[in-house]
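The residues making up each chain are set out below.
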Amino acid sequence: MKLLIMSDTHSATNLMEQVIEQHQQEVDAIIHCGDSELNASYFYNTPIRVVRGNCDMDDRFPLEELFTVQDLKVLVVHGHKYNVKSTLMPLFYRAQEVQASVVCFGHSHLLGAEMQGGILFINPGSLQQPRGRKEKSYAIAENKGNSWAVSFYSAEHIMLEKVTL
């Protein structure tokens, strides 16, 4: 199972569309963790799971998405309602509450992946305004049975780093 994850694109539709075009045939789900700053109708008739971030004004976006891919529950939030810039604990508790195996979030614009209590947490960074490094980024997470491989890519589709958890 493979997930394409992006966040914090802040109206950069060209970058978002290039990333989707590059990977859509190889992934099982496409996730946007909020702050697209687009109208919800932009995503109508697309396979993209999108949540509302603190910069999204269209309240037709849900604050969270919970869905199942190959028997694994995936929780998608932006992160601003869970204080992700300070701690992952409130988000960890929410993930436990909904029995999620994977949590995708944004808001901080800092890429990273970690396991906590058997739950995979992924922040793909930002495709528009990265923090902590100069490269704009997105992530692909692949379930390898008993482990996960999370690869982070630049907007130019160059692998920045790969984490196995």
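Scroll up a little and you will see the structure.
Since we're looking at a predicted model, the values are computed, not measured. (Residues numbered from 1 in each chain as written. Predicted model: local features only at pLDDT ≥ 70, side-chain atom pairs only at ≥ 80, totals over all residues. Heavy atoms only, no water.)

For this particular structure, what's the right way to read the pattern of salt bridges?
Opposite charge on two side chains allows them to pair when their charged atoms are near. Within the structure shown, the criterion is met by eight salt bridges. Measuring nitrogen to oxygen at the nearest pair gives 2.7 Å for the salt bridge that ties Arg 60 to Asp 58. Looking at Arg 60, the relative accessible area reads 46%, which means it is partly exposed. On the basis of relative accessibility, which here comes to 12%, the residue Asp 58 falls in the buried class. (Salt bridge = Lys/Arg side-chain N within 4 Å of Asp/Glu carboxyl O. Buried < 20%, exposed > 50% of the residue type's maximum accessible area, 1.4 Å probe, protein only.)

I would appreciate a short explanation of unusual backbone geometry in the present structure.
For residues besides glycine, phi is generally negative; the peptide bonds are generally trans as well. Of note, the phi angle at Glu 37 is positive, near 60°, even though the residue is not glycine. By the secondary structure assignment, Glu 37 is in the loop between β2 (29–32) and β3 (48–50). (Helix = DSSP H or I, 4+ residues; strand = E, 2+ residues; numbered from the N terminus.)

I would appreciate a short explanation of the sheet that holds β2 in the present structure.
Taken in spatial order, the six strands make up an open sheet running β3-β2-β1-β9-β10-β11, and their pairing is mixed. One side of each edge strand has no neighbouring strand; the edge strands of this open sheet are β3 and β11 (159–164). Between one strand axis and the next, the sheet turns by 20° as a mean value, whatever way the strands run. Bridge count for strand β1 (residues 2–6) against strand β9 (residues 137–143) is four bridges, and the pairing is antiparallel. Paired with Lys 2 across the two strands is Glu 142, which belongs to β9. Against the sheet, helix α1 (residues 13–23) makes contact with β1, β2, β3 and β9, and its axis sits at roughly 170° relative to β1, the strand it touches most. (Pairing = 2+ DSSP bridges. Axes fitted to C-alpha atoms, helices over the stretch in contact; angles between N-to-C directions. Contact = heavy atoms within 4.5 Å.)

In this structure, what is going on with the nonpolar core? I would like to understand it.
Within soluble globular proteins, side chains that are nonpolar generally end up buried alongside one another. Ranked by size, the top nonpolar core spans 23 residues in total, and within it Leu 3, Ile 5 and Ile 31 carry the most contacts. If one sorts the elements of this core by residue count, strand β10 (residues 148–154) sits on top with three residues. Those residues within four positions of Ile 31 in sequence are excluded, and the remaining contacts are Leu 3, Leu 4, Ile 5, Met 6, Arg 49, Phe 67, Val 74, Val 76 and Cys 104. In terms of nonpolar packing, the next biggest core, distinct from the first, is built from 20 residues, Leu 4, Met 6, Ile 140 and Tyr 153 among them. (Core = buried A, V, L, I, M, F, W, Y, C linked by side-chain atoms within 4.5 Å.)

In this structure, what is going on with helix α2 (residues 89–98)? I would like to understand it.
Residues spaced three or four apart along an α-helix point in a common direction, a consequence of the helix completing one turn every 3.6 residues. Three or more residues of α2 are buried, namely Leu 91, Phe 92, Ala 95 and Val 98. The buried residues of α2 occupy an angular sector of 135° when the element is viewed end-on, so they sit on one face. Among the exposed residues of α2, those oriented more than 90 degrees off its buried face are Tyr 93 and Glu 97. Two residues or fewer past α2, Gln 99 is found with a positive phi of approximately 60°. (Arc of directions from axis to C-beta.)

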